[in-house]
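One letter stands for each residue in the lines below.
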Amino acid sequence: MMGHSHALSGVVGWMAVVPLVQGREFLGLSFHLGPGEIIAGSLVCAGAALLPDLDHKSATVTKTYGKVTETLSGMLGFLFGGHRMGTHSFFFAVLMGVLVQLLALWSEMAVQVFVFLLIGIALQGLGFGLDKNRVASGVINAMATAGITLALYTAGVNYSWLGLAVAFGVMLHFFGDMVTKMGVPLFWPFYKKRLGQGKGFATDGPVEKKLVTPLLTTGVIVGALYLFDWPTLLPEY
């Protein structure tokens, strides 16, 4: 799928699991998710849902931070065997989840920086900016990302679940690509055959544009209406 579809799937995916994990413990983590955690998790998952495409030089995520992500793209493409190979596997999802969870345990500042980067990727994937002016788009994206990150920090968002959210977002990317014609090698490097190859719809084709993207957008709206207690969040007049 295209970047905007993957980003939307990340938002919808997080909103869908919030009612399932709310108030529960999973892998030693307690999930008490308020409005801040729901918003943060949605954006983190949206950004993480774009990370597997760092193996492609023209992907949305690769273009987000210029030479930094372009260089990282070249490295990951080489290390993981090219586009839709190792970065589209459970191995990569677990690796990202573990690394990010270790980051969360190591430094609060590192967590804020990583969240900032993921939110920037998420906004880029969701189409926030100006397509015809990359400089202006970058400035707008950076300002919005900084504002959101600061607001979440001020709200005291607890990111103890960050690694799980990243791994979940990455896996959502796999399932999105599995329903396209290229498929994904979920069990790389042990089994490199692409699951779903030749059986789905074309990337950026009419099915994605006219069915998948509208459904995901509707899912975001429904999720927002269901999860947030709007009467208590909106100001009184």
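A. Structural context of helix α8 (residues 162-178). Relative to the 24 Å expected for 17 residues at 1.5 Å per residue, α8 spans 25 Å between its end C-alpha atoms, a close match to the ideal helical length. In terms of burial, α8 is largely enclosed, as 12 of its 17 residues are buried. Along α8, the residues classified as buried are Leu162, Gly163, Ala165, Val166, Ala167, Gly169, Val170, Leu172, His173, Phe174, Gly176 and Asp177. Looking at the buried side of α8, the elements it contacts are α1 (3-21), α2 (35-48), α5 (90-106) and α6 (108-125).

B. Broad picture of helix α9 (residues 206-227). Taking 1.5 Å per residue, 22 residues should reach 32 Å; α9 reaches 31 Å between its end C-alpha atoms and fits that length. In α9, a bend of some 30 degrees at Val212 exceeds every other bend along the element, and Pro214, a proline, comes one to four places later. Taken together, the buried positions of α9 are occupied by Glu208, Val212, Thr213, Leu216, Gly223, Ala224 and Leu227.

C. Seen up close, the packing of aromatic side chains. Here the structure, examined in full by the defined rule, presents seven aromatic pairs. Here Trp14 and Trp161 contribute two aromatic rings whose centre-to-centre distance is 5.1 Å and whose plane-to-plane angle is 40 degrees, an arrangement assigned as tilted. Of this pair, Trp14 sits in helix α1 while Trp161 sits in the loop between α7 (134-154) and α8; the two residues are 147 residues apart in sequence, bridging distant segments of the chain. By the burial criterion, Trp14 is buried, and Trp161 matches it. Judged by centre distance (5.6 Å) and plane angle (45 degrees), the rings of Phe80 and Trp188 are tilted. On the criterion of sequence distance, the pair formed by Phe80 in the loop between α4 (67-79) and α5 and Trp188 in the loop between α8 and α9 is long-range, its members being 108 residues apart. The residues Phe80 and Trp188 share a single accessibility class, namely buried. Aromatic rings pair up to connect Phe80, Phe91, Phe92 and Trp188 into one cluster.

D. Broad picture of the pattern of salt bridges. Applying the stated criterion across every chain yields a total of three salt bridges. The partner of Lys67 in a salt bridge is Glu70, with the nearest N and O atoms 3.8 Å apart. With Lys67 and Glu70 both in helix α4, this residue pair falls three residues apart, about one helical turn. In this structure, Arg84 and Asp177 form a salt bridge, with 3.1 Å as the shortest nitrogen-oxygen distance. Here the residue Arg84 occupies a position in the loop between α4 and α5, and Asp177 occupies one in helix α8, the gap between them amounting to 93 residues. The same class applies to Arg84 and to Asp177, which are both buried.

E. Highlighting the nonpolar core. One finds Trp14, Leu51, Tyr159, Trp161, Leu162 and Val166 to be the most contacted residues of the largest nonpolar core, which totals 52 residues. For this core, the secondary structure elements donating two or more residues are α1, α2, α5, α6, α7, α8 and α9. When residues of this core are assigned to their parent elements, the largest contribution, eight residues, is made by α6. Beyond its immediate sequence surroundings of up to four residues, Val166 is in contact with Val44, Ala48, Leu51, Met96, Val100, Phe114 and Leu118.

F. Local environment of the confidence of the model for the protein. Confidence in the prediction of the protein, expressed as mean pLDDT, is 88, and 95% of residues score 70 or more. In the model of the protein, helix α10 (residues 230-233) stands out as the element of lowest mean pLDDT, 76, in contrast to α2, which has the highest, 95.

Basis of the calculations
- Residues numbered from 1 in each chain as written.
- Predicted model: local features only at pLDDT ≥ 70, side-chain atom pairs only at ≥ 80, totals over all residues.
- Heavy atoms only, no water.
- Helix = DSSP H or I, 4+ residues; strand = E, 2+ residues; numbered from the N terminus.
- Expected span 1.5 Å × (residues − 1).
- Buried < 20%, exposed > 50% of the residue type's maximum accessible area, 1.4 Å probe, protein only.
- Contact = heavy atoms within 4.5 Å.
- Bend = angle between axes of the 7 residues up to and from the residue.
- Phe/Tyr/Trp six-rings, centres within 6.5 Å; stacked < 30°, edge-to-face > 60°.
- Salt bridge = Lys/Arg side-chain N within 4 Å of Asp/Glu carboxyl O.
- Core = buried A, V, L, I, M, F, W, Y, C linked by side-chain atoms within 4.5 Å.
- pLDDT = per-residue confidence, 0-100.

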